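Per-entry structural report
Okay, here's what each chain looks like letter by letter:
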Amino acid sequence: MCRLSENVTNENGKSVVNVECTENRCKIIAISNQKGGVGKTTTCVNLGIGLARAGERVLLVEADAQGSLAVSLGISEPDKLDVTLVNILEKVINDEETWPGEGIIRHEEGIDFIPANIELAGLETALVNIMSRETVMRQFLQEMRERYSYILIDCMPSLGMITINALVAADYVLVPVEAAYLPVKGLQQLIKTIGNIHRKLNPSLEILGILLTKVDRRTNFARETSVKIREVYGERVHIFENCIPLSVRAAETAAEGKSIYLHDPKGAVAEGYLSLTEEVLTLTGCEDKPIESEGVEASGQQKGGVQ
Ligand code: ADP
Ligand code: MG
């Protein structure tokens, strides 16, 4: 989301447009798939910490009543937390101010996160009767854009009102898909919902890509699924180059409360998430360098082509 600012002339007499990463530089990525167990939370944690290791300021937001993001980041009993995403969203609904840093927990691996717990399920039901019910999360995250360069939302396994809130707040959706099951039908439904939200509520929403997870490289089945997904979706949707392999090491990280980079730094899962991090940086990146546009009048209102 770079902005092209004024047109200036460089020493060679060429017209130069300065690309500025301004208040809009923050990218919000919803990690979503209505199927459970496909690696959404694991991806949120390891992509988030991967981005932080690359120097980005990262906030992870848990939009799932299960609290598994909180658990993966070392909080053993999220249901006992006093302040979670629920309190923050309730304040937005009631037009109350949140204080800076409210509900945000700092993790030792350089990211901030907002946990959730079972109370989010109650809020989801309550949202139905609220005005502007689809934009509550966007209102809150809009304020957070100034403070972070990436905000990742760990969505719940449903396409209910909280997930719709996440998709309305986001710039991009990243879809983890488990390679061990043929997900064509479920994916179609998700892509349709994303399309509807794009048309009706959030025109800037884009699918960042499909990430194949839990890929058992020893089986033909996983390979066939991956080929099939590329065949069916590859033309319309980006498929991330590298997949995340199936490994017990990935499953262990949740219990440890830390990322795969600390738990098994040399393993194939760490390698997979590092490669994903690089690809996400490239796909969403905004490089602070001038674009030369010889002889072209540049408009300050134009948007940068960063996708
Ligand atoms: P979701 O958030 O979509 O429900 P999770 O990230 O919680 O999915 O993953 C579901 C389960 O699979 C968890 O027990 C997790 O530890 C495990 N898991 C995640 N990624 C991998 C992987 N690459 N290999 C093996 N197990 C994994
Ligand atoms: Mg999850």
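Quantities reported herein were computed from a predicted structural model and do not represent experimental measurements.

Conventions used here
- Residues numbered from 1 in each chain as written.
- Chains lettered and ligands numbered in written order.
- Predicted model: local features only at pLDDT ≥ 70, side-chain atom pairs only at ≥ 80, totals over all residues.
- Heavy atoms only, no water.
- Helix = DSSP H or I, 4+ residues; strand = E, 2+ residues; numbered from the N terminus.
- Buried < 20%, exposed > 50% of the residue type's maximum accessible area, 1.4 Å probe, protein only.
- Contact = heavy atoms within 4.5 Å.
- Areas by Shrake-Rupley, 256 points an atom, 1.4 Å probe, with all protein chains shown as cover.
- Core = buried A, V, L, I, M, F, W, Y, C linked by side-chain atoms within 4.5 Å.
- Polar contact = N/O pair within 3.5 Å; in protein donor to acceptor, adjacent residues only side chain to side chain.
- Near = heavy atom within 4 Å.
- Nonpolar A, V, L, I, M, F, W, Y, C, P; charged D, E, K, R; others polar.
- Pairing = 2+ DSSP bridges.
- Disulfide = S-S within 2.5 Å.

What follows deals with the overall build of the protein chain. Of the regular secondary structure elements, the protein chain holds eleven helices and ten strands. Counting only residues that meet the buried cut, the protein chain has 54% of its 307 residues in that class. Long-range contacts, defined here as pairs at least 24 residues apart, represent 77% of the contacts in the protein chain between residues at least 6 apart. Entry remark: accessible area of the protein chain is about 14,600 Å², with carbon and sulfur atoms responsible for 49%.

It is worth spelling out the nonpolar core at this point. Within the largest apolar cluster, 55 residues are counted, with the highest numbers of intra-cluster contacts made by Leu120, Met137, Leu141, Ile151, Ile153 and Ile210. Broken down by element, the residue count for this core peaks at seven residues, all from helix H6 (residues 161-169). Leave out the neighbours within four places in its chain, and Ile151 touches Cys26, Lys27, Ile28, Ile29, Leu59, Val61, Leu141, Met144 and Arg145. Counting residues in hydrophobic clusters, the runner-up holds 33 residues, among them Ile29, Ile31, Leu60 and Val280.

A few words now on the environment of Thr213. If you trace the backbone, Thr213 turns up in strand S9 (residues 206-213). With a relative accessible area of 2%, Thr213 lands in the buried category. Those residues within four positions of Thr213 in sequence are excluded, and the remaining contacts are Val38, Thr43, Pro176, Val177, Glu178, Ala179 and Ile244. A polar contact is formed between the side chain of Thr213 and the backbone oxygen of Val38, at a distance of 2.5 Å.

What follows deals with the site of ligand 1. Taken together, 14 residues form the shell around ligand 1, and within it Gly37, Thr41, Thr42, Pro245 and Ser247 come nearest. Within the contact set of ligand 1, an oxygen atom lies 3.0 Å away from a backbone nitrogen or oxygen of Val38. Residue Pro245 places a main-chain N or O atom 2.8 Å away from a nitrogen atom belonging to ligand 1. For ligand 1, whose accessible area on its own is 550 Å², the fraction buried by protein is 79%. Those elements giving two or more residues to the shell around ligand 1 turn out to be helix H1 (40-53) and helix H9 (248-256). It is H1 that provides the largest number of residues to the shell around ligand 1, a total of three residues. Among the residues forming the shell around ligand 1, the class breakdown is six nonpolar, six polar and two charged.

Now for the sheet that holds strand S4 (residues 58-63). The mixed open sheet is built from seven strands, whose spatial order is S5-S6-S4-S7-S3-S8-S9. With one partner strand each, in any of the chains shown, strand S5 (105-106) and S9 form the two edges of the open sheet. Where S4 and strand S6 (residues 112-114) come together, three bridges link them in parallel fashion. Its bridge partner being in S6, Leu60 is matched across the sheet by Phe113.

In terms of residue burial, strand S3 (residues 27-31) counts as a mostly covered element, since five of its five residues are buried. Burial along S3 is two-sided: the residues Lys27, Ile29 and Ile31 and Ile28 and Ala30 are all buried. With five bridges connecting them, S3 and strand S7 (residues 150-155) associate as parallel partners. Each residue of the ladder has a partner; that of Ile31, found in S7, is Asp154. Bridging between S3 and strand S8 (residues 172-178) involves three bridges; their strand directions are parallel. Following the sheet pairing, Ile29 is matched in S8 by Tyr172.

Turning to unusual backbone geometry, a few remarks are in order. At Ser132, a residue that is not glycine, the phi angle is positive and equals roughly 55 degrees. Summarising the element assignment, Ser132 is placed in the loop between helix H4 (119-127) and helix H5 (136-144). Note on Ser132: relative accessible area 41%, which makes it partly exposed. With phi around 50 degrees, Lys214 is a residue other than glycine that occupies positive phi space. The topology assignment puts Lys214 in the loop between S9 and helix H8 (220-233).

This brings us to the state of the cysteines. All chains considered together, the criterion is met by zero disulfides. Between Cys44, a free cysteine, and Cys155, which holds the nearest cysteine sulfur, the sulfur-to-sulfur gap is 8.7 Å.

All right, on to the environment of His238 then. In this structure, His238 sits in the loop between H8 and H9. Judged by its relative accessible area of 29%, His238 falls in the partly exposed class. In sequence terms His238 and Leu211 are 27 residues apart; their C-alpha atoms lie 9.0 Å from each other. Beyond its immediate chain neighbours, meaning those up to four positions away, His238 contacts Leu208, Gly209, Ile210, Glu279 and Leu283.

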